[in-house]
Amino acid sequence: MPVVVGIQFEDVGKIYYFDPQNLLDLAARDFVLVDTARGVEVAQVVQPPHTIADEEVVGEMKSVVRKAGAWDMVQRDLWQRKEAEALAICRTKVRELNLDMKVVRCDYNFDGGRLLIYFSSEARIDFRNLVRDLARIFRTRIEMRQIGVRDEAKLMGGIGRCGELLCCNQWLTDFDPVSIKMAKQQDLPLSPMEISGICGRLLCCLAYENDYYAELKEKLPKKGKTIDTPHGPGRVVQVLPIKEAIQVELETEVTVEVTLQELDEMNTSRIE
(Lines give C-alpha, C1' and ligand atoms only; values in the text may rest on other atoms or scores of the structure.)
Protein backbone atom coordinates (compact mmCIF):
# COMPACT_ATOMS: atom_id res chain seq x y z
CA MET A 1 0.00 0.00 0.00
CA PRO A 2 1.39 3.43 -0.96
CA VAL A 3 2.31 6.06 1.62
CA VAL A 4 0.61 9.39 0.93
CA VAL A 5 0.14 12.80 2.53
CA GLY A 6 -3.18 14.70 2.31
CA ILE A 7 -2.78 18.22 0.90
CA GLN A 8 -5.16 21.18 0.53
CA PHE A 9 -4.51 24.20 -1.69
CA GLU A 10 -7.31 26.21 -0.06
CA ASP A 11 -8.75 26.30 3.46
CA VAL A 12 -12.01 24.70 2.33
CA GLY A 13 -10.79 22.79 -0.68
CA LYS A 14 -10.61 19.23 -1.89
CA ILE A 15 -7.95 17.01 -0.34
CA TYR A 16 -5.36 15.66 -2.77
CA TYR A 17 -2.90 12.83 -2.15
CA PHE A 18 0.80 13.43 -2.80
CA ASP A 19 3.86 11.24 -2.40
CA PRO A 20 5.72 12.58 0.68
CA GLN A 21 9.03 11.14 -0.61
CA ASN A 22 11.33 11.00 2.41
CA LEU A 23 9.44 13.68 4.38
CA LEU A 24 7.68 11.26 6.71
CA ASP A 25 7.80 13.73 9.62
CA LEU A 26 5.26 16.05 7.99
CA ALA A 27 2.48 17.09 10.37
CA ALA A 28 -0.96 18.63 9.90
CA ARG A 29 -0.83 22.41 9.23
CA ASP A 30 2.72 22.23 7.82
CA PHE A 31 3.20 24.16 4.57
CA VAL A 32 4.97 22.38 1.73
CA LEU A 33 5.96 22.93 -1.88
CA VAL A 34 4.36 20.36 -4.17
CA ASP A 35 4.80 19.47 -7.82
CA THR A 36 1.58 19.99 -9.83
CA ALA A 37 0.56 19.98 -13.48
CA ARG A 38 0.85 23.80 -13.36
CA GLY A 39 4.25 23.86 -11.71
CA VAL A 40 5.37 24.10 -8.10
CA GLU A 41 2.75 25.37 -5.64
CA VAL A 42 2.53 26.04 -1.91
CA ALA A 43 -0.05 23.91 -0.10
CA GLN A 44 -0.91 22.85 3.45
CA VAL A 45 -0.77 19.39 4.98
CA VAL A 46 -4.11 18.26 6.43
CA GLN A 47 -3.36 14.54 6.71
CA PRO A 48 0.13 13.41 7.87
CA PRO A 49 1.82 10.58 5.93
CA HIS A 50 -0.27 7.40 6.04
CA THR A 51 -1.02 4.36 3.90
CA ILE A 52 -4.03 3.95 1.62
CA ALA A 53 -5.34 1.16 -0.59
CA ASP A 54 -3.89 0.93 -4.10
CA GLU A 55 -7.31 1.55 -5.70
CA GLU A 56 -7.57 4.95 -4.00
CA VAL A 57 -4.70 6.27 -6.10
CA VAL A 58 -6.07 7.73 -9.34
CA GLY A 59 -3.59 8.44 -12.12
CA GLU A 60 0.01 9.45 -11.52
CA MET A 61 0.64 10.73 -8.00
CA LYS A 62 2.69 13.92 -7.78
CA SER A 63 5.37 14.48 -5.13
CA VAL A 64 6.07 16.84 -2.28
CA VAL A 65 9.19 18.82 -3.19
CA ARG A 66 10.11 20.09 0.29
CA LYS A 67 8.81 21.93 3.32
CA ALA A 68 8.02 25.57 2.64
CA GLY A 69 10.53 28.00 4.11
CA ALA A 70 10.00 31.53 5.44
CA TRP A 71 10.92 33.10 2.09
CA ASP A 72 8.48 30.82 0.25
CA MET A 73 5.64 32.05 2.47
CA VAL A 74 6.69 35.70 2.11
CA GLN A 75 6.76 35.31 -1.68
CA ARG A 76 3.33 33.67 -1.70
CA ASP A 77 1.83 36.43 0.49
CA LEU A 78 3.38 39.09 -1.73
CA TRP A 79 1.60 37.79 -4.82
CA GLN A 80 -1.65 37.14 -2.94
CA ARG A 81 -1.79 40.84 -2.05
CA LYS A 82 -1.70 41.67 -5.75
CA GLU A 83 -4.73 39.52 -6.56
CA ALA A 84 -7.33 42.18 -5.70
CA GLU A 85 -5.64 44.63 -8.08
CA ALA A 86 -5.49 41.97 -10.78
CA LEU A 87 -9.20 41.25 -10.30
CA ALA A 88 -10.12 44.90 -10.77
CA ILE A 89 -8.03 45.16 -13.95
CA CYS A 90 -9.54 41.97 -15.38
CA ARG A 91 -13.09 43.21 -14.78
CA THR A 92 -12.27 46.52 -16.43
CA LYS A 93 -10.88 44.74 -19.48
CA VAL A 94 -13.94 42.50 -19.72
CA ARG A 95 -16.17 45.59 -19.82
CA GLU A 96 -13.96 47.26 -22.43
CA LEU A 97 -14.16 44.18 -24.68
CA ASN A 98 -17.90 43.85 -24.01
CA LEU A 99 -17.61 40.18 -23.06
CA ASP A 100 -20.63 38.43 -21.55
CA MET A 101 -18.76 36.95 -18.59
CA LYS A 102 -18.30 37.55 -14.88
CA VAL A 103 -14.76 37.48 -13.48
CA VAL A 104 -15.06 35.91 -10.03
CA ARG A 105 -11.52 35.66 -8.70
CA CYS A 106 -7.85 35.91 -9.67
CA ASP A 107 -5.17 33.64 -8.17
CA TYR A 108 -1.42 33.98 -8.63
CA ASN A 109 0.71 30.94 -8.04
CA PHE A 110 3.28 31.30 -5.28
CA ASP A 111 6.02 32.84 -7.45
CA GLY A 112 3.80 34.98 -9.70
CA GLY A 113 4.61 32.95 -12.81
CA ARG A 114 0.95 32.22 -13.52
CA LEU A 115 -2.32 34.11 -13.05
CA LEU A 116 -5.41 31.89 -12.91
CA ILE A 117 -8.66 33.75 -13.65
CA TYR A 118 -11.97 32.18 -12.58
CA PHE A 119 -15.03 33.33 -14.51
CA SER A 120 -18.65 32.34 -15.01
CA SER A 121 -20.74 32.67 -18.14
CA GLU A 122 -23.88 31.13 -19.58
CA ALA A 123 -22.44 31.09 -23.09
CA ARG A 124 -19.21 30.13 -24.82
CA ILE A 125 -16.76 33.02 -24.72
CA ASP A 126 -14.00 33.87 -27.16
CA PHE A 127 -11.52 35.38 -24.69
CA ARG A 128 -8.40 35.28 -26.87
CA ASN A 129 -8.19 39.06 -27.07
CA LEU A 130 -8.70 39.29 -23.31
CA VAL A 131 -5.87 36.84 -22.62
CA ARG A 132 -3.57 38.68 -25.01
CA ASP A 133 -4.26 42.04 -23.36
CA LEU A 134 -3.88 40.65 -19.83
CA ALA A 135 -0.61 38.90 -20.68
CA ARG A 136 0.71 42.23 -21.97
CA ILE A 137 -0.36 44.00 -18.75
CA PHE A 138 0.74 41.42 -16.15
CA ARG A 139 3.66 39.92 -18.10
CA THR A 140 2.90 36.44 -16.80
CA ARG A 141 1.14 33.31 -18.02
CA ILE A 142 -2.65 33.75 -18.08
CA GLU A 143 -5.04 30.82 -17.57
CA MET A 144 -8.83 31.08 -17.78
CA ARG A 145 -11.09 28.67 -15.89
CA GLN A 146 -14.86 28.67 -16.34
CA ILE A 147 -16.80 27.64 -13.23
CA GLY A 148 -20.42 26.88 -12.40
CA VAL A 149 -22.73 28.82 -10.13
CA ARG A 150 -22.07 26.57 -7.13
CA ASP A 151 -18.32 27.00 -7.46
CA GLU A 152 -18.88 30.74 -7.80
CA ALA A 153 -20.79 30.81 -4.50
CA LYS A 154 -18.01 28.78 -2.87
CA LEU A 155 -15.34 31.24 -4.01
CA MET A 156 -17.32 34.41 -3.28
CA GLY A 157 -18.96 33.38 0.02
CA GLY A 158 -22.11 34.94 1.44
CA ILE A 159 -25.01 34.42 3.83
CA GLY A 160 -27.43 31.55 3.31
CA ARG A 161 -31.20 31.44 3.88
CA CYS A 162 -30.52 30.16 7.40
CA GLY A 163 -28.62 33.34 8.29
CA GLU A 164 -25.31 31.50 8.55
CA LEU A 165 -22.23 31.73 6.31
CA LEU A 166 -22.45 29.44 3.29
CA CYS A 167 -21.52 25.83 4.07
CA CYS A 168 -19.59 25.52 0.79
CA ASN A 169 -17.44 28.50 1.71
CA GLN A 170 -16.84 27.48 5.33
CA TRP A 171 -16.41 23.70 5.50
CA LEU A 172 -18.03 21.80 2.62
CA THR A 173 -15.22 20.43 0.44
CA ASP A 174 -17.35 18.55 -2.12
CA PHE A 175 -20.77 19.12 -3.66
CA ASP A 176 -22.99 16.07 -3.08
CA PRO A 177 -25.84 15.40 -5.52
CA VAL A 178 -29.09 17.12 -4.46
CA SER A 179 -32.51 16.38 -5.94
CA ILE A 180 -36.08 17.66 -5.65
CA LYS A 181 -36.97 14.23 -4.27
CA MET A 182 -35.08 15.16 -1.09
CA ALA A 183 -37.31 18.21 -0.59
CA LYS A 184 -40.41 16.03 -1.06
CA GLN A 185 -39.00 13.47 1.38
CA GLN A 186 -38.71 16.20 4.02
CA ASP A 187 -42.17 17.67 3.28
CA LEU A 188 -40.67 21.01 2.34
CA PRO A 189 -42.45 23.56 0.11
CA LEU A 190 -41.48 22.96 -3.50
CA SER A 191 -41.27 26.66 -4.35
CA PRO A 192 -37.84 27.41 -5.88
CA MET A 193 -37.60 30.49 -3.65
CA GLU A 194 -37.86 28.29 -0.57
CA ILE A 195 -35.46 25.48 -1.43
CA SER A 196 -32.79 27.24 -3.53
CA GLY A 197 -29.55 28.78 -2.32
CA ILE A 198 -28.02 32.07 -3.40
CA CYS A 199 -26.39 30.18 -6.28
CA GLY A 200 -29.85 29.46 -7.68
CA ARG A 201 -29.45 25.70 -7.26
CA LEU A 202 -31.11 23.40 -4.74
CA LEU A 203 -29.83 23.89 -1.19
CA CYS A 204 -26.90 21.62 -0.35
CA CYS A 205 -28.35 21.13 3.14
CA LEU A 206 -31.26 19.15 1.68
CA ALA A 207 -28.87 16.20 1.67
CA TYR A 208 -27.78 16.51 5.30
CA GLU A 209 -30.84 14.90 6.92
CA ASN A 210 -32.32 13.08 3.95
CA ASP A 211 -31.21 9.62 5.09
CA TYR A 212 -32.69 10.28 8.54
CA TYR A 213 -36.05 11.25 7.06
CA ALA A 214 -36.02 8.24 4.73
CA GLU A 215 -35.27 5.85 7.59
CA LEU A 216 -38.05 7.24 9.82
CA LYS A 217 -40.63 7.31 7.04
CA GLU A 218 -39.98 3.61 6.47
CA LYS A 219 -40.93 2.99 10.10
CA LEU A 220 -43.92 5.35 10.35
CA PRO A 221 -47.32 4.64 8.70
CA LYS A 222 -47.95 6.55 5.50
CA LYS A 223 -50.35 9.47 5.22
CA GLY A 224 -53.90 8.31 4.43
CA LYS A 225 -53.43 4.83 5.89
CA THR A 226 -55.98 3.51 8.42
CA ILE A 227 -54.33 2.09 11.51
CA ASP A 228 -55.05 1.02 15.08
CA THR A 229 -53.78 3.30 17.84
CA PRO A 230 -53.90 3.23 21.65
CA HIS A 231 -56.84 5.67 21.28
CA GLY A 232 -58.73 3.52 18.78
CA PRO A 233 -58.70 3.15 14.97
CA GLY A 234 -58.11 6.17 12.79
CA ARG A 235 -56.62 7.58 9.60
CA VAL A 236 -53.13 9.08 9.39
CA VAL A 237 -53.44 12.75 8.39
CA GLN A 238 -49.85 13.87 8.91
CA VAL A 239 -46.43 12.26 9.35
CA LEU A 240 -44.00 14.00 11.75
CA PRO A 241 -40.56 12.42 11.23
CA ILE A 242 -38.65 14.87 13.44
CA LYS A 243 -40.95 14.07 16.39
CA GLU A 244 -41.02 10.37 15.40
CA ALA A 245 -44.79 10.60 15.50
CA ILE A 246 -47.94 10.81 13.39
CA GLN A 247 -51.21 12.70 13.65
CA VAL A 248 -54.27 10.46 13.45
CA GLU A 249 -57.90 11.44 12.93
CA LEU A 250 -59.98 9.01 14.98
CA GLU A 251 -63.46 7.76 14.05
CA THR A 252 -64.79 10.32 16.55
CA GLU A 253 -63.22 13.04 14.31
CA VAL A 254 -60.78 13.91 17.08
CA THR A 255 -57.15 14.32 15.97
CA VAL A 256 -54.46 12.89 18.26
CA GLU A 257 -50.70 12.64 18.06
CA VAL A 258 -49.25 9.14 18.37
CA THR A 259 -45.55 8.43 18.74
CA LEU A 260 -43.65 5.62 17.06
CA GLN A 261 -42.82 4.26 20.52
CA GLU A 262 -46.52 4.03 21.41
CA LEU A 263 -47.23 2.14 18.19
CA ASP A 264 -44.32 -0.25 18.81
CA GLU A 265 -45.44 -0.90 22.42
CA MET A 266 -49.01 -1.57 21.25
CA ASN A 267 -47.83 -4.05 18.60
CA THR A 268 -45.53 -5.74 21.11
CA SER A 269 -48.33 -6.21 23.63
CA ARG A 270 -50.50 -7.77 20.92
CA ILE A 271 -47.82 -10.32 20.10
CA GLU A 272 -47.42 -11.23 23.76
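These lines cover the structure that appears in this document, whether it is placed above or below. (Residues numbered from 1 in each chain as written. Predicted model: local features only at pLDDT ≥ 70, side-chain atom pairs only at ≥ 80, totals over all residues. Heavy atoms only, no water.)

**Notes on the sheet that holds strand β8 (residues 141–146)**
Here's step 1: Read across the sheet, three strands follow the order β6-β7-β8 without closing on themselves; strand pairing throughout is mixed. Two strands bound the open sheet, and with one partner strand each, they are β6 (102–108) and β8. For this sheet, the mean angle separating the axes of adjacent strands, direction not counted, is 25°.
Here's step 2: Across the face of the sheet, helix α3 (residues 128–138) comes into contact with β6, β7 (114–120) and β8 while running at roughly 140° to β8. (Pairing = 2+ DSSP bridges. Helix = DSSP H or I, 4+ residues; strand = E, 2+ residues; numbered from the N terminus. Axes fitted to C-alpha atoms, helices over the stretch in contact; angles between N-to-C directions. Contact = heavy atoms within 4.5 Å.)

**Regarding the nonpolar core**
Here's step 1: One finds Met 101, Val 103, Cys 106, Leu 115, Ile 117 and Phe 138 to be the most contacted residues of the largest nonpolar core, which totals 17 residues.
Here's step 2: Mapped by element, the contributors of at least two residues to this core are α2 (83–96), β6, β7, α3 and β8.
Here's step 3: Here this core takes four residues from α2, the largest share from any one element.
Here's step 4: When near neighbours in sequence (up to four residues on either side) are disregarded, Ile 117 contacts Cys 90, Val 103, Arg 105, Cys 106, Leu 134, Ile 142, Glu 143, Met 144 and Arg 145.
Here's step 5: Ile 246, Val 248, Leu 260 and Leu 263 belong to the second largest nonpolar core, which has twelve residues in total. (Core = buried A, V, L, I, M, F, W, Y, C linked by side-chain atoms within 4.5 Å. Buried < 20%, exposed > 50% of the residue type's maximum accessible area, 1.4 Å probe, protein only.)

**Notes on the sheet that holds strand β1 (residues 3–8)**
Here's step 1: Ordered in space as β2-β1-β4-β3-β5, the five strands form an open sheet in which the pairing is antiparallel. Looking at the sheet topology across the chains shown, the edges are occupied by β2 (16–18) and β5 (64–67). For this sheet, the mean inter-axis angle between neighbouring strands, taken without regard to orientation, is 45°.
Here's step 2: Relative to β5, strand β3 (residues 31–36) runs antiparallel, the two sharing three bridges. Bridge assignment links Val 34 to a residue of β5, and that residue is Val 64.
Here's step 3: The strands touched by helix α1 (residues 70–80) within the sheet are β3, β4 (39–51) and β5, with β3 carrying the most contacts at an inclination of about 70°.

**So, the pattern of salt bridges**
Pairing between side chains of opposite charge can happen when the charged atoms of each approach one another.
Here's step 1: Here the structure, examined in full by the defined rule, presents 16 salt bridges.
Here's step 2: Taking the shortest distance from any N to any O, the salt bridge between Asp 126 and Arg 128 comes out at 2.8 Å.
Here's step 3: Here Lys 243 and Glu 257 are joined by a salt bridge, their closest N and O atoms 3.0 Å apart. Within this pair, whereas Lys 243 is found in the loop between β10 (232–240) and β11 (245–250), its partner Glu 257 is found in strand β12 (residues 255–259), the two being separated by 14 residues in sequence. (Salt bridge = Lys/Arg side-chain N within 4 Å of Asp/Glu carboxyl O.)

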